[in-house]
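Structural features, examined
Spelled out, the chains give:
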Amino acid sequence: MCGRVTVRTSPAQLVAELELAGARATLERERFNLCPTQLLPVVPNDGARLLDVFRWGLIPSWAKDASIGNKLINARGETVAEKPSFRSALKRRRCLVVVDGWYEWKQSTKPKTPYFFHHRDGKPLALAGLWEEWTAPDTGEVLRTCTIITTGPNALMAPIHDRMPVILSPEAQAVWLRPEPQEASVLLPLLVPAPEAPLDVYEVARGVNSPANDSPECVARVAA
């Protein structure tokens with residue numbers, strides 16, 4: 001599961017790093033403990049190559065109410081082409097979810113221990129995501145929402161957790177952002193664990209357990 005992320009890289013840097021055309025919308029501030037139902041930076045496959053912000057937690061267009069989004073913060077790469085909540089989006093509505101790190105908890109310790117995963121050079125990570133547009137039946141409000149696709153762990157992740165977000169290489173990003181519908185046979189081979197080499201991990205304090213905490217202390221390294 002991927003349920004907490006950081007977004008500390010400036011919108012201008014994200015645009016430059018991902019070679020985007022610009023930004024349609026951005027976060028208002030740095031985020032050190034960004035949680036589901038909040039806004040995430042994304043690049044949707046609408047052909048514009050613009051940075052945008054969508055709500056985290058996918059709400060399929062056919063959903064009767066928004067609460068389903070609370071359960072659809074992640075999509076398993078192994079079954080994403082089969083699940084009714086995700087298969088149409090996989091074919092037509094893909095996005096990059098742009099973060100610079102994520103938290104995961106080691107379950108074997110009591111209490112469980114949080115760790116922070118990130119690019120060792122501080123570069124942003126482009127995660128494989130799906131997006132949807134949903135219209136509230138009572139108010140007519142239109143929400144754009146997203147989910148993060150996960151896969152099995154690489155060797156760095158495995159001692160902590162059995163799932164990790166799919167991190168797309170620049171070459172994979174180009175395929176993922178194609179605006180035309182894509183067959184699962186083209187997309188599923190991209191949904192694999194990232195190489196360990198560019199990534200790093202360290203233990204952080206348990207203050208990150210609370211969504212109310214969203215400050216630089218969340219990413220501070222716990223002394224060995």
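Residues numbered from 1 in each chain as written. Predicted model: local features only at pLDDT ≥ 70, side-chain atom pairs only at ≥ 80, totals over all residues. Heavy atoms only, no water.

Before going further, it helps to examine the overall build of the chain. Along its length, the chain carries four helices and 13 strands. With the C-alpha coordinates of the chain rotated into their principal frame, the extents come out at 50 × 40 × 35 Å. When the 224 residues of the chain are sorted by exposure, 50% land in the buried category. Restricting the contact set of the chain to residue pairs at least 6 apart, pairs at least 24 apart contribute 68%. A total of about 10400 Å² of accessible surface is found on the chain, and carbon and sulfur atoms cover 53% of it. (Helix = DSSP H or I, 4+ residues; strand = E, 2+ residues; numbered from the N terminus. Buried < 20%, exposed > 50% of the residue type's maximum accessible area, 1.4 Å probe, protein only. Contact = heavy atoms within 4.5 Å. Areas by Shrake-Rupley, 256 points an atom, 1.4 Å probe, with all protein chains shown as cover.)

Tracing the sequence through the fold places A197 in the loop between α4 (184-187) and β13 (199-203). Placed 78 residues apart in sequence, A197 and H119 show a C-alpha to C-alpha distance of 9.1 Å.

Moving on, we get to the environment of S61. Residue placement: S61 occurs in the loop between β5 (50-56) and β6 (74-76). Sequence separation of S61 and W134 is 73 residues, and the distance between their C-alpha atoms is 4.7 Å. Ignoring sequence-local partners within four residues, the contact set of S61 consists of E132, E133 and W134.

Geometric descriptors of this kind do not, in isolation, establish any biological role.
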